[in-house]
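One letter stands for each residue in the lines below.
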Amino acid sequence: IIAESTSNLAEFAGYLPEISDTAGQWIPVAVNGDRWLMRKESIGKYNAILVNIIPEEEIFQSVASIQRAAIALFIAVASITVFFALMIAHSIDRRTQHLKAKMLTVKQGCPQHIHRDMGQDEIGQLASSYNYMVDEMEKLMQTAYRNGQDLKNAELRVLQAQINPHFLYNTLDM
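Every value quoted in this text rests on a predicted model; they were computed, and no experiment measured them. Throughout this document, residue positions are counted from 1 along each chain, in the order its sequence is written. Given that this is a predicted model, residues contribute local features only at a pLDDT of at least 70 and side-chain atom pairs are listed and counted only at 80 or more, while totals for whole chains, interfaces and linings are drawn from all residues. The side-chain quantities take in all heavy atoms of the structure and omit both hydrogens and water.

A few words on the nonpolar core. Buried Ala, Val, Leu, Ile, Met, Phe, Trp, Tyr and Cys residues that are joined via side-chain atoms within 4.5 Å together make up what is termed a nonpolar core. Using a 1.4 Å probe on the protein chains alone, a residue whose accessible area is under 20% of its type maximum counts as buried, one over 50% counts as exposed, and one in between counts as partly exposed. In terms of nonpolar packing, the biggest core is built from seven residues, these being Leu 99, Ile 114, Met 118, Ile 123, Ala 127, Tyr 130 and Val 134. No other element matches helix α3 (residues 122–172), which puts four residues into this core. Contact criterion: two residues are considered in contact whenever any of their non-hydrogen atoms come within 4.5 Å of each other. If we ignore the near neighbours within four places in the chain, the residues touching Ile 123 are Ile 92, Arg 95, Thr 96, Leu 99 and Met 118. Only DSSP runs of H or I covering at least 4 residues are called helices, and only runs of E covering at least 2 are called strands; the numbering of each starts at the N terminus.

Next comes the structure, spelled out in structure tokens:
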């Protein structure tokens, strides 16, 4: 039996018969008020028995430090995740509010283009479609204005054509 210089192996010798049926399992034992875990392994090739004795406190300290590290890592990852989620939400909200404000200008009768880069996502596609719609509306308004001017000019020419014969007739009639 191999033992550390700090442990008194004689204190544990009385527990060896208790753990004879528990090969490979950790068995808790109390020696002089201290809690220990013992485990017996048979080394068949050498016809020997290996007994491990570990203070419970050391194991639980290691587990506790691993738990603390895992909790700290979880909190760090959760904080970073929340931070990035808030940044993305803020970006989406800001761009959506800008798009909404520009769309309200259409309702007021003076549509304005969106001149800032809105990205390549769905909001960017909406902004691009909105700009296309504003361009088409401007073209349609210009076409309607020109058509109105052409109609007014045509009506004026028709009226002049009607007036000219009367003017000639009245002039010649004198």
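Having seen the model, we can carry on.
Taken together, the side chains of Ile 80, Phe 83, Phe 84 and Met 87 define a hydrophobic patch exposed on the protein surface, amounting to about 420 Å² of accessible area. Here Phe 84 lies in helix α2 (residues 56–107). Its relative accessible area of 47% is what places Phe 84 among the partly exposed residues. Like-charged residues are merged into a patch within 9 Å and nonpolar side chains (Val, Leu, Ile, Met, Phe, Trp, Tyr) within 5 Å, provided each residue has over 30% relative accessible area and no salt bridge. Under the convention used here, a 1.4 Å probe and the Shrake-Rupley method define accessible areas, while residue burial counts only the protein chains that appear. Note on definitions: salt bridges are taken to be side-chain nitrogens of Lys or Arg within 4 Å of carboxyl oxygens of Asp or Glu.

Of note, Arg 95 is situated in helix α2. Residue classification places Arg 95 among the buried residues on the basis of a relative accessible area of 10%. Apart from residues lying up to four places away in sequence, Arg 95 is in contact with Arg 116, Met 118, Gly 119, Asp 121, Ile 123 and Gly 124.

The next point concerns the confidence of the model for the protein chain. Taken residue by residue, the protein chain gives an average pLDDT of 82. The fraction at 70 or more is 82%. Known as pLDDT, the predictor's per-residue confidence is scaled from 0 to 100. At the level of individual helices and strands, the protein chain shows its lowest average pLDDT in helix α1 (residues 9–13), which scores 57, and its highest in α2, which scores 92. Per-residue pLDDT stays below 50 along residues 1–6; that stretch engages in three contacts with residues further than four places along the chain or on separate chains.

Working definition: a ring pair exists when centres of Phe, Tyr or Trp rings (six-membered ring for Trp) sit within 6.5 Å. Plane angles under 30 degrees give stacked, over 60 give edge-to-face, the rest tilted. Overall, the coordinates contain one aromatic pair when judged by the stated rule. Arranged with centres 5.5 Å apart and planes meeting at 65°, the rings of Phe 83 and Phe 84 form a pair that is edge-to-face. Accessibility expressed as a relative area gives 49% for Phe 83, which makes it partly exposed.

This part takes up the side chain of Asn 131. Within the element layout of this structure, Asn 131 appears in helix α3. Setting aside residues up to four positions removed in sequence, Asn 131 forms contacts with His 113 and Ile 114.

Moving on to α2. For α2, built from 52 residues, the straight-helix expectation of 76 Å at 1.5 Å per residue is met to within 8% by its first-to-last C-alpha distance of 75 Å. Listed in full, the buried residues belonging to α2 are Glu 56, Arg 95, Leu 99, Lys 102 and Thr 105. Residue Gly 109 follows α2 closely and has a positive phi angle near 100°. Here the expected length of a helix is defined as 1.5 Å per residue gap, with one fewer gap than residues.

Let's shift gears to the sheet that holds strand β1 (residues 27–31). A sheet is described by the order of its strands in space; here three strands give the open sequence β1-β2-β3, paired in antiparallel fashion. Of all strands in the sheet, those with a lone pairing partner are β1 and β3 (48–55), marking the two edges. This sheet shows a mean twist of 35° between the axes of neighbouring strands, independent of strand direction. Any two strands are treated as partners once DSSP identifies two or more bridges connecting them. The sheet contact formed by β1 and strand β2 (residues 34–43) spans five bridges and is antiparallel. Its bridge partner lying in β2, Ile 27 is registered against Met 38. Note on method: axes are straight lines fitted to C-alpha atoms, helices fitted across the in-contact stretch only, with angles between N-to-C directions ranging 0 to 180 degrees. Contacting β1, β2 and β3, α2 runs over the sheet at an angle of about 65° to β3.

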